[in-house]
Amino acid sequence: MHRITGRAGGDNLIEMSPTESFNDDINGYNQHASSSTGSFQQGQSAIDKQQQSKDSVFFRDGLRRIDFVLSYVDDKAGERKQERRRVYEANLAKVGLELETEDKSESEDGKTYFVKIHAPWEVLATYADVLKIKVPFKVNDIPDNTEMPMNWLSTPFRLPETIMHPEPDFFTAPFDKSKSDFFLIDDKETFFPPSNRNRIVYYILSRCSYLREECGEKDKKGIKRLLNNGTYTAAFPLHDCRYWKKSRDTHCESERYSLYKHWARFLFFFKEQPLNLVRKYYGEKIGIYFAWLGFYTEMLLFAAIVGTICFVYGVLTYDENEWSKEICSGEIGGKIVMCPLCDKKCGFWKLNSTCNSSWQSHLFDNVGTVFFAIFMGIWVTLFLELWKRRQARLEYEWDLVDFEEEQQQLQLRPEYETKCSNRKLNRITQEPEWVLSRTATDLLAKLFLCWATVILWISLIIACIIGVIAYRLAVYAAFASIMKDNPTSHLQVVGPYITPQLATSVTASCINFVIIMILNLMYERVAVWITDMEIPKTHLEYENKLTVKMFLFQFVNYYSSCFYVAFFKGKFVGYPGNYAYMFGRWSKLRNEECDPGGCLIELTTQLVIVMTGKQVWGNIQEALVPWLMNWWGSRKARKHPESIYSRWEQDNDLQSFGQLGLFYEYLEMVIQFGFITLFVASFPLAPLLALINNIIEVRVDAWKLTTQYRRPVAAKAHSIGAWEEILSGIAVLSVVTNAFIVAFTSDMIPRLVYMYAYHPDGEMNMKGYINNSLSMFNISAIPVANSPEEGENPAWFNSSITTCRYRDFRYPSGHEKQYSHTMQFWHILAAKLAFIIIMEHVVFMVKFFVAWMIPDVPSDVRARVKRERYLVQEYLHNYEVDKLKKQLTHNNCSNDCTCTPMIYPTLSKHEVLSECL
């Protein structure tokens, strides 16, 4: 029987077996016999681990649960590492943790040691008190009246009640060890769930010293430093079972299996997420991420439906597009000769060559675009306000109310604590606390260095974008010269659609996407480095600082090219004889023009390539890379019998989720949120693409977390943190950007001005618009530096053609105000500015009204919070009164006793671990 990497059915992973071995019949440890050991030999195992199950999460006695595992390889030249491990493990034992070591001879590779850690009740109780972990003290007596009308409609989307609500609903209060009998403790071994247990153990591991006390080096502490210097190779809590099969050990919860079965499989994409089980298994921080992602995906459904309707409207009004008909008409567009779009290499061209792009532009540039831009401004407000309500409900249900203050005061980063040298009185708690001593000069120097680095990298992005723009200008001339005789027309289907503009836009967008990905990989390390250098006080502060730096960089990196196409391309062109150049006339790089169909279609192309490319690449990177690394890392394990492949070895071969694993998930989604809000006026189908991606994203994230990664250390978080403020900022900015896109990138306003004010026949239609929107220039007046070279003009061009047209509203040659802007230009500009002001004010008024109408905290949640606080005070008061009565009664009954009455037992040393560390 050999372990393989996959099972019939397509599933994979290093732990899988297609059939059941004899050893699977013996789950858990035999509590009446000790496990036998032996020596490991090359090619086969002499180890008998039949009394150990692959799913065992207990010590050899079968009673004590494994709360954390440390692994290491004993190097030949690692005497310093051995000494660190010896001192570190001795210090862990001093503070009450129980350790059990698996020798390398019992590991599947024959060289890895595993140190299993168990936290007994006394340690758990002590640190539950220190960390203010909330535990139940009374069953919730408030009736649940949240039944929705026609609730039966949601039946296909529901999961079993045992999965959705794995725990009863209790009122909870912060644990107090001195009042342990106040809480509902049925069994001390199961009172704290595994997520709380591994959180407590990690808190101890991250603060325990690995040098002897006489060394006096304060910063030599914490498992993170030991991992960085190679003393240990990994530190992780255990999964409770194999993900594809439930454990047969009755003491194992098999929650991983339940998560995989009901949550991590793509076939369940239409089902609700078991958020309570996710929170119970992985902790509140990961739970609230999936709650936010699920809620965001649900809200995208409404935006996707409206966006699709707007797109369908563009398709249905396809034949009513009068200006495209004029462009494509041989009598109008076929006779209008346009001025060259670049110097020397570009010849004269006919307007009907942009026929296809004009029709494509109409699909997105229509009246529905304006409506959708306004709708998205309101949608984003509804999304944020309704999320606040959802988040408030989760805060109460997951015992996160008033958590932020505890997080700030109690859970300092070990990296901060080791740098502290002074103590200062906290004005709130009136207790001394460690503070970092920084001089004003040091602080200013670090701030300057950090933000100078950020500005330098943002400048690098802008330089790359300018390089891509220069590429567009240079390559357009080359494409125009190569394609002047339309050599792509022989290509079937796609041939007629390939134009110099399209070729330039697509290739530039692809190059820009590659540059974005490369700069992302480089900057991630820089952002972490400069944030570490600032030495933030708490984990929350660390993540917020890193979030600001990373998002600022990503904002410029991803959106700058879209901002260029939307607001700069075609706006500073000049006119024949007086063109504007990118780096001055000497550069010969003339600024790009928009074709008569407008720049909106180019913005759409840019958005689709960058947004879709990022989402596809992100999903491949998230799913494929961990799978390949796990497959490669387990290649040696596949040679040995499955019976020796223990629970801790299986998890050790998985990938580490990392402290910033969740940070990158948020960043990916927030960048996507920017795409579908900031530039949605140019592409109404963006929410639909985001919806499809997010449906996949939820299950991909769940799958990789459940199957490809070690179990992360449980952590608390009362909200999505700084991302909420970033989303609000994007929401406000999106109203402005969409208003400007409709006004300046789209041709909507010029068309409306023409239809209402400039139509010659007084009829409200668009006939004659194309001729009206193009200005005229004498070919003879074009300077030699701007004229096409010999052979660049098409075959139909001859000397009888004396004028060319260009996209602008200017007086013609011979007019007293020749080549200056016409009055129609100023009317259009005034209409654009008026539209921006009106749209912004209308949307902002609706946004503020919606925000005012929707309270951040639901009334029933507010009532439950007040009820719980009242009960805590009442029950604690009654508890103290009863305790005092018992004490007085005991004192009265034992007046003749010579012993001294005691209310509390003497505390052992490991119960005051906070003092030791």
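Residues numbered from 1 in each chain as written. Predicted model: local features only at pLDDT ≥ 70, side-chain atom pairs only at ≥ 80, totals over all residues. Heavy atoms only, no water.

Draft legend 1. Main features of the overall build of the protein chain. On a plain count of helices and strands, the protein chain comes out with 27 helices and 16 strands. Counting every position in the protein chain, which comprises 917 residues, the buried fraction comes to 53%. In the protein chain, 79% of the contacts between residues at least 6 apart in sequence involve partners at least 24 apart. Here the protein chain displays about 42,400 Å² of accessible surface, and carbon together with sulfur accounts for 60% of that area. (Helix = DSSP H or I, 4+ residues; strand = E, 2+ residues; numbered from the N terminus. Buried < 20%, exposed > 50% of the residue type's maximum accessible area, 1.4 Å probe, protein only. Contact = heavy atoms within 4.5 Å. Areas by Shrake-Rupley, 256 points an atom, 1.4 Å probe, with all protein chains shown as cover.)

Draft legend 2. Seen up close, empty space enclosed by the protein. All chains considered together, the criterion is met by 5 cavities of 30 Å³ or more. Roughly 80 Å³ of internal volume is contained in the largest cavity. Contributing to the lining of the largest cavity are Val57, Arg65, Ile66, Asp67, Pro194, Asn198, Pro237, Leu238 and Arg711. Classifying every residue of the lining of the largest cavity by side-chain character gives 5 nonpolar, 1 polar and 3 charged. Its boundaries defined by the atoms lining it, the second largest cavity holds a volume of some 60 Å³. The wall of the second largest cavity is formed by Ile465, Val468, Ile469, Arg472, Asn512, Ser561, Tyr564, Val565 and Gln606. At the level of elements, α15 (440–482) and α17 (539–567) are the ones that each hand at least two residues to the lining of the second largest cavity. Counting residues per element, the lining of the second largest cavity draws most heavily on α15, at 4 residues. For the lining of the second largest cavity, the per-class residue count stands at 5 nonpolar, 3 polar and 1 charged. (1 Å grid on protein atoms, 1.4 Å probe; cavity = no way out; pocket = protein on both sides within 12 Å on 5 of 7 lines; lining within 4 Å. Points joined across faces, edges and corners; volume = space filled by probe spheres on them. Nonpolar A, V, L, I, M, F, W, Y, C, P; charged D, E, K, R; others polar.)

Draft legend 3. Representation of unusual backbone geometry in the model. A positive phi angle, near 60°, is found at Asp399, a position not held by glycine. Note on Asp399: relative accessible area 14%, which makes it buried. The phi dihedral of Tyr819 falls on the positive side, at around 65°, and the residue is not glycine. Mapped onto the elements of the fold, Tyr819 is located in the loop between β16 (803–807) and α25 (823–853). Under the relative-accessibility criterion, Tyr819 is labelled buried at 11%.

Draft legend 4. The arrangement of helix α16 (residues 500–534) in detail. The end-to-end C-alpha distance of α16 is 49 Å, a good match for the 51 Å that 35 residues give at a rise of 1.5 Å each. Taken as a whole, α16 carries its principal kink of about 25° at Tyr523. One or two positions beyond α16, positive phi appears at Ile535, with a value near 50°. (Expected span 1.5 Å × (residues − 1). Bend = angle between axes of the 7 residues up to and from the residue.)

Draft legend 5. Representation of the sheet that holds strand β5 (residues 112–118) in the model. Reading across from one edge, β4-β5-β3-β8 is the order of the 4 strands in this open sheet, with antiparallel pairing throughout. Of all strands in the sheet, those with a lone pairing partner are β4 (98–102) and β8 (234–236), marking the two edges. The average angle at which neighbouring strand axes cross in this sheet is 15°, direction not considered. Pairing of strand β3 (residues 68–73) with β8, which is carried by 3 bridges, proceeds in the antiparallel orientation. Residue Ser71 lies in a different strand from β8, and its bridge partner there is Ala234. With respect to the sheet, helix α5 (residues 194–205) is in contact with β3 and β5, its orientation differing from that of β3 by roughly 50°. (Pairing = 2+ DSSP bridges. Axes fitted to C-alpha atoms, helices over the stretch in contact; angles between N-to-C directions.)

Draft legend 6. Expanded view of the nonpolar core. Judged by nonpolar contacts, the single largest core of 132 residues is most densely connected at Trp292, Tyr296, Trp379, Phe383, Tyr559 and Phe675. In terms of residue count, helix α9 (residues 284–316) provides more of this core than any other element does, 16 residues in total. Leu97, Val115, Val123 and Phe171 belong to the second largest nonpolar core, which has 45 residues in total. (Core = buried A, V, L, I, M, F, W, Y, C linked by side-chain atoms within 4.5 Å.)

Draft legend 7. Representation of the packing of aromatic side chains in the model. Under the defined criterion, the tally for this structure stands at 59 aromatic pairs. Each ring, one from Trp121 and one from Phe175, has its centre 6.3 Å from the other, and the planes form 90°; the classification is edge-to-face. Of this pair, Trp121 sits in helix α2 (residues 121–130) while Phe175 is found in the loop between β7 (170–174) and α4 (188–191), placing the two residues 54 residues apart along the sequence. An identical accessibility class is assigned to Trp121 and Phe175; each is buried. The positively charged end of Lys116 is found above the aromatic ring belonging to Trp648, 4.4 Å away from the centroid. (Phe/Tyr/Trp six-rings, centres within 6.5 Å; stacked < 30°, edge-to-face > 60°. Lys NZ or Arg CZ within 6 Å of the ring centre and 35° of its normal.)

Draft legend 8. Quick look at the state of the cysteines. Tallied over the entire structure, the rule returns 3 disulfides. Bridging Cys339 to Cys804, the disulfide has an S-S length of 1.9 Å. Between Cys339 and Cys804, the S-S torsion sits near 85°, and that sign places the bridge as right-handed. With Cys339 in the loop between β9 (337–338) and β10 (349–350) and Cys804 in strand β16, this residue pair connects regions lying 465 residues apart in the sequence. A single burial state applies to Cys339 and to Cys804, both of which are buried. (Disulfide = S-S within 2.5 Å.)

Draft legend 9. Looking closely at the pattern of salt bridges. Here the structure, examined in full by the defined rule, presents 31 salt bridges. The closest approach of N and O atoms between Arg864 and Asp169, which form a salt bridge, is 3.9 Å. Note that Arg864 is positioned in helix α26 (residues 859–893) and Asp169 in the loop between α3 (161–164) and β7, a separation of 695 residues in sequence. Among the residues examined, Arg864 registers a relative accessible area of 10% and is labelled buried. Close ionic contact of Glu543 with Lys285 constitutes a salt bridge, the shortest N to O distance being 2.1 Å. Of this pair, Glu543 sits in helix α17 while Lys285 sits in helix α9, and the two are 258 residues apart along the sequence. (Salt bridge = Lys/Arg side-chain N within 4 Å of Asp/Glu carboxyl O.)

Draft legend 10. View of the packing of α17 against helix α20 (residues 661–678). Orientation of α17 relative to α20, taken along the N-to-C sense of each, is 40°, at an axis distance of 11 Å. In the crossing of α17 with α20, the sense of the turn from one axis to the other is right-handed. Residue-level inspection shows Leu546, Thr547, Met550, Phe551, Gln554, Phe555, Tyr558, Tyr559 and Cys562 of α17 in contact with α20, the latter providing Phe663, Tyr664, Leu667, Val670, Ile671, Gly674, Phe675 and Leu678. Taken together, the residues that form the contact of α17 with α20 break down as 14 nonpolar, 3 polar and no charged. (Left-handed = near helix turned anticlockwise from the far one by under 90°.)

Draft legend 11. A look at a nonpolar patch on the surface. A cluster of nonpolar side chains, namely Phe157, Phe266, Phe269, Phe270, Ile692 and Ile696, defines an oily patch on the protein surface of about 550 Å² accessible area. By relative accessible area, which is 42% here, Phe157 ends up partly exposed. (Patch = residues over 30% accessible without salt bridge, like charges linked within 9 Å, V, L, I, M, F, W, Y side chains within 5 Å.)

Draft legend 12. Summary view of α25. The first and last C-alpha atoms of α25 sit 45 Å apart over 31 residues, in line with the 45 Å expected at 1.5 Å per residue. Buried within α25 are the following residues: Gln824, Ile828, Lys832, Phe835, Ile836, Met839, Glu840, Val843, Phe844, Lys847 and Val850.

Draft legend 13. Representation of the environment of Ala722 within the structure. With respect to the secondary-structure elements, Ala722 resides in helix α22 (residues 722–745). Exposure remark for Ala722: the relative accessible area of 14% places this residue in the buried category. When the C-alpha positions of Ala722 and Leu546 are compared, they lie 9.8 Å apart, and in sequence the two are 176 residues distant. When residues no more than four places from it in sequence are discounted, the contact partners of Ala722 are Asn544 and Thr547.

Draft legend 14. Spatial organisation of the environment of Tyr542. Positionally, Tyr542 belongs in helix α17. Owing to a relative accessible area of 4%, Tyr542 belongs among the buried residues under this scheme. Counting along the chain gives 11 residues from Tyr542 to Thr531, while the straight-line C-alpha distance between them is 7.1 Å. A polar side-chain atom of Tyr542 sits 2.8 Å from a polar atom in the side chain of Asp532. (Polar contact = N/O pair within 3.5 Å; in protein donor to acceptor, adjacent residues only side chain to side chain.)

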